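Summary of structural features
Residue strings, one per chain:
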Amino acid sequence: MKEIVEQLEQKRRAAALGGGQQRIDTQHNRGKLTARERLELLLDEGSFEEWDQFVEHRCTDFGMEGKKVLGDGVVTGYGTINGRMVFVFSQDFTVFGGSLSEAHAEKICKIMDQAMKVGAPVIGLNDSGGARIQEGVVSLGGYAEVFQRNVLASGVIPQISVIMGPCAGGAVYSPAMTDFIFMVKDSSYMFVTGPDVVKTVTHEIITAEELGGATTHSTISGVCDCAYENDVETLLMVRRFVNYLPSNNRDKPPFRPTPDDAGRMEMSLDTLIPDSPTRPYDMKEAIFKVVDDREFWELQPEHAENIVIGFARMDGYPVGIVANQPLVQAGCLDIKSSIKAGRFVRFCDAFNIPIITFVDVPGFMPGSAQEYGGIIKHGAKLLFAYAEATVPKVTVITRKAYGGAYDVMSSKHLRGDVNLAWPSAEIAVMGPQGAVEIIFRKDRGDEEKIAGHTGDYRKKFANPFIAASRGYIDDVFLPRETRTRICRSFAMLRDKQLENPWRKHGNIPL
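Now for a quick tour of the structure. (Residues numbered from 1 in each chain as written. Predicted model: local features only at pLDDT ≥ 70, side-chain atom pairs only at ≥ 80, totals over all residues. Heavy atoms only, no water.)

1. Section: the overall build of the protein chain
Secondary structure summary: the protein chain contains 19 helices and 17 strands in total. Over its C-alpha trace the protein chain gives a radius of gyration of 26 Å, about what one expects of a compact globule, namely 24 Å for 510 residues. Viewed in the frame of its principal axes, the protein chain has a C-alpha envelope of about 95 × 55 × 45 Å. Taking the average place of the 58 positive charges on the side chains of the protein chain and the average place of its 66 negative ones, the gap between the two points comes to 4 Å. (Helix = DSSP H or I, 4+ residues; strand = E, 2+ residues; numbered from the N terminus. Rg over C-alpha atoms; globule rule 2.2 N^0.38 Å. Lys, Arg positive; Asp, Glu negative; His and termini not counted. Charge placed at Lys NZ, Arg CZ, Asp CG, Glu CD.)

2. Topic: the layout of surface pockets
A water-sized probe rolled over the atoms picks out the places where empty space is left. Counted as a void, the second largest pocket has a volume near 250 Å³. Surrounding the second largest pocket, G403, Y406, D407, I427, A428, V429, Y457, F461, I466, A467, R470 and Y472 form its lining. Only helix 15 (403–408), strand 16 (426–428), helix 17 (447–461) and helix 18 (465–469) provide two or more residues apiece to the lining of the second largest pocket. With three residues, helix 15 is the single largest residue contributor to the lining of the second largest pocket. Its residues assigned to classes, the lining of the second largest pocket shows nine nonpolar, one polar and two charged. (1 Å grid on protein atoms, 1.4 Å probe; cavity = no way out; pocket = protein on both sides within 12 Å on 5 of 7 lines; lining within 4 Å. Points joined across faces, edges and corners; volume = space filled by probe spheres on them. Nonpolar A, V, L, I, M, F, W, Y, C, P; charged D, E, K, R; others polar.)

3. So, the sheet that holds strand 3 (residues 84–91)
If you walk across this open sheet you meet the seven strands as 1-2-3-4-5-7-9, and the pairing is mixed. In this open sheet, the two strands that pair with only one neighbour each are strand 1 (49–51) and strand 9 (226–228). Averaged over all pairs of adjacent strands, the angle between their axes in this sheet comes to 20 degrees, without regard to strand direction. By the bridge criterion, four bridges tie strand 5 (residues 159–163) to strand 7 (residues 180–184) in an arrangement that is parallel. Along strand 7, the bridge assignment pairs V162 with F182. On top of the sheet, helix 3 (residues 35–42) reaches strand 1, strand 2 (74–81), strand 3 and strand 4 (122–126); it is set at about 160 degrees to strand 3, its chief contact. Here helix 10 (residues 231–241) sits on the sheet in contact with strand 2, strand 4, strand 5, strand 7 and strand 9, set at roughly 155 degrees to strand 7. (Pairing = 2+ DSSP bridges. Axes fitted to C-alpha atoms, helices over the stretch in contact; angles between N-to-C directions. Contact = heavy atoms within 4.5 Å.)

4. Remarks on empty space enclosed by the protein
Counted under the stated rule, the structure contains four cavities of 30 Å³ or more. Its volume calculated, the largest cavity comes out at about 100 Å³. If you go around the largest cavity, the residues you meet are F89, Q91, L100, I108, N126, S128, Y143, V146, C167, A171 and S174. For the lining of the largest cavity, the secondary-structure elements that each account for two or more residues are strand 3 and helix 5 (137–153). Across the lining of the largest cavity, the residue classes tally to seven nonpolar, four polar and no charged. The calculated volume of the second largest cavity comes to roughly 80 Å³. Along the walls of the second largest cavity sit 14 residues, with F89, N150, S161, S174 and T178 positioned nearest its centre. Of all elements in the fold, only strand 4, helix 5, strand 5 and helix 6 (173–177) reach the threshold of two or more residues within the lining of the second largest cavity. It is strand 4 that contributes the most residues to the lining of the second largest cavity, four residues altogether. When its residues are assigned to classes, the lining of the second largest cavity shows seven nonpolar, seven polar and no charged.

5. Examining the environment of N150
Counting through the fold element by element, N150 comes out in helix 5. Along the sequence, N150 and A304 sit 154 residues apart, while their C-alpha atoms lie 26 Å from each other.

6. Focus on the environment of H28
Here H28 is to be found in helix 2 (residues 21–29). On the basis of relative accessibility, which here comes to 34%, the residue H28 falls in the partly exposed class. Along the sequence, H28 and A171 sit 143 residues apart, while their C-alpha atoms lie 23 Å from each other. Within the structure, H28 has its side chain in polar contact with the side chain of E37 (distance 2.9 Å). (Buried < 20%, exposed > 50% of the residue type's maximum accessible area, 1.4 Å probe, protein only. Polar contact = N/O pair within 3.5 Å; in protein donor to acceptor, adjacent residues only side chain to side chain.)

Structure follows, in structure tokens:
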């Protein structure tokens, strides 16, 4: 028995060393933690239960039979974050560059299968050179097995990808199908084809960071939801982020008591809207002043900034927030903002997270670039997402709600549960100036008459009361009461039950 125990300890020490001390030192010199160090930071102390520590690859080509490392380049298992169970895998770049083999993929698939059985989130720490070339098509099959599980788990359990090193080729599609992607600045990147291939095919000279770094994906492409400075900060932020999410689609989001009174009045909101209808203001100010403890977790803060999305709590309960941002492009909806918000709304709906929508939208962005880019179909994604959602939906119109964009932003007609407006709200087909120039086109050129017509139109239509008289707005209230009214609305909606007609799935305009 003693010999067996010694053999066990020896194997565990070997597995813990991964690719060896020299490669561990190289990883540290690059400013990166090892796979196991990352899990120690991510999970509660002493909670990690490792699976398949002694798995080895089965490849015998190219001399691989003599190059076996316990664990085969990925550490898998489960543990807790703030006492709540999660399943994890952490790729080990010190072992064959973290490349994915058949055995490596099987380890990941095993914990994903188990996570779906027990209803717990999966968090993947990606740091891999891609498919293991020595295994050829077998490694590609391994990726496809992982992809299949990403799809089956979508909308069933939350999936979070943390990119902490290279992620290239087919490897990027697994994170792309997960719910959220976090990246580390200057040490992680994602792309389908690397700089060398790009140079060969298109003759474009570009660095890996420019092509697929954290800054690129958090600003230009929108692939990344949040980017942080280093491994430690990223993992600590993931720990905090998980607190907003339920464990699965049958659970309710985790409640957290707050000392912030649900009836708190915020007097400063009464002066947030400028006197001029064309002057911008920061919608984030309204969000921070309304939510619990002024804590708002914004996602994709530097991408499609004309719309704001993220998580907060109201009276202790997590909520998803979607808000037009008048500071950027006057808050117009365009292709990128519609995709950004549409996907977020669908996540909230899949996981029982109520949605607050703050509306100040003059319409969809005009122009040939938007039309050629497919704004019709992309804008329909946000429309589809709101119309499909059955979670509690509370909408607050702060200023403009014009045209089709009024409909899209969680209007009463898309089964909005509680639709409220500030007195400054303007709900109309279009702005007064544009409307008058169409209705009174014969008076164009007569500035005095146009000004008079504009004033009359503004008095009659540029207010919330026409919509309120039809029941499209449930109430008009002072901005200072916003937190109270939203909290009361969600308390009323807590046991809401609504089901869509049975179907295999809808056909969202992709």
